[in-house]
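Single-letter residue listing:
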Amino acid sequence: VEEDRVVAVLESLASRYPKNSRVQLFKYQYISVHYPDHPDLASILQNAEVISAPAGWIYQARIVEASETNDVASMYEHAKTWLQNDRARRDVNQIKSLFSTPAPKPGDTGD
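Predicted model only: the values in this text are computed from it and were never measured. (Residues numbered from 1 in each chain as written. Predicted model: local features only at pLDDT ≥ 70, side-chain atom pairs only at ≥ 80, totals over all residues. Heavy atoms only, no water.)

Here we look at the overall build of the protein chain
Then, number 1: Of the regular secondary structure elements, the protein chain holds six helices and zero strands.
Then, number 2: Moving toward the C terminus, one meets the helices and strands of the protein chain in the order α-α-α-α-α-α.
Then, number 3: The contacts of the protein chain with a sequence gap of at least 6 include a subset with a gap of at least 24, amounting to 38%.
Then, number 4: As displayed, the protein chain has an accessible area near 7700 Å², and 51% of this comes from carbon and sulfur atoms. (Helix = DSSP H or I, 4+ residues; strand = E, 2+ residues; numbered from the N terminus. Contact = heavy atoms within 4.5 Å. Areas by Shrake-Rupley, 256 points an atom, 1.4 Å probe, with all protein chains shown as cover.)

Remarks on the nonpolar core
Then, number 1: Tyr28, Ile31, Leu45, Trp57, Ile58, Ile63 and Trp82 are the most contacted members of the largest nonpolar core, which totals 21 residues.
Then, number 2: Within the residue set of this core, elements represented by two or more residues are α1 (2-16), α2 (21-34), α3 (41-51), α4 (56-68) and α5 (72-85).
Then, number 3: Discounting chain neighbours no more than four positions away, the residues touching Trp82 are Gly56, Tyr59, Gln60, Ile63, Asp91, Gln94, Ile95 and Leu98. (Core = buried A, V, L, I, M, F, W, Y, C linked by side-chain atoms within 4.5 Å. Buried < 20%, exposed > 50% of the residue type's maximum accessible area, 1.4 Å probe, protein only.)

Topic: the environment of Lys80
Then, number 1: For Lys80, the position within the fold is in helix α5.
Then, number 2: In this structure Lys80 comes out as partly exposed when scored by relative accessible area, which is 44%.
Then, number 3: For the pair Lys80 and Tyr59, spaced 21 residues apart in the sequence, the C-alpha separation amounts to 9.4 Å.

Details of the pattern of salt bridges
Then, number 1: Counted under the stated rule, the structure contains two salt bridges.
Then, number 2: Between Glu49 and Arg62 there is a salt bridge, and its shortest N-O distance comes to 2.8 Å. Placement of Glu49 in helix α3 and of Arg62 in helix α4 is noted, with a sequence separation of 13 residues between them. (Salt bridge = Lys/Arg side-chain N within 4 Å of Asp/Glu carboxyl O.)

Focus: the packing of α5 against helix α6 (residues 92-99)
The relative placement of two packed helices is expressed as an angle between their axes plus a distance between the axes.
Then, number 1: The interhelical angle for the contact between α5 and α6, taken along N-to-C directions, is 175°, at an axis separation of 11 Å. With respect to α6, the axis of α5 lies roughly antiparallel. Within the contact between the two elements, α5 uses Met75, Tyr76, Ala79, Trp82 and Leu83 and α6 uses Val92, Gln94, Ile95, Leu98 and Phe99.
Then, number 2: Partitioning the contact of α5 with α6 into residue classes produces nine nonpolar, one polar and no charged. (Axes fitted to C-alpha atoms, helices over the stretch in contact; angles between N-to-C directions. Parallel < 35°, antiparallel > 145°, perpendicular 65-115°, else oblique. Nonpolar A, V, L, I, M, F, W, Y, C, P; charged D, E, K, R; others polar.)

Honestly, that's just the spatial picture; any functional story needs more than this.
This is the structure:
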């Protein structure tokens, strides 16, 4: 019940501040944690991209979502779009980290 109330507040903020990508970020973060299979998650990202294409969190979320379904082509497409919008290349290290393989833990033989 409390989660529904928070979503209602986020919806209210989104309608009050339709051009604020941060509201979309908070809405996406909350819904993705509490309702990971919610059908509106993709549309939240699409709306945020229309509002503020340079916002790196949008592409980060899209890359993570694509990685969860092993959609490598979409991952690279989102990274490409992110780089096109990040002309100063401030987010290159963040993008690289999304594509790197985690280092093995000590004692992990990979079996």
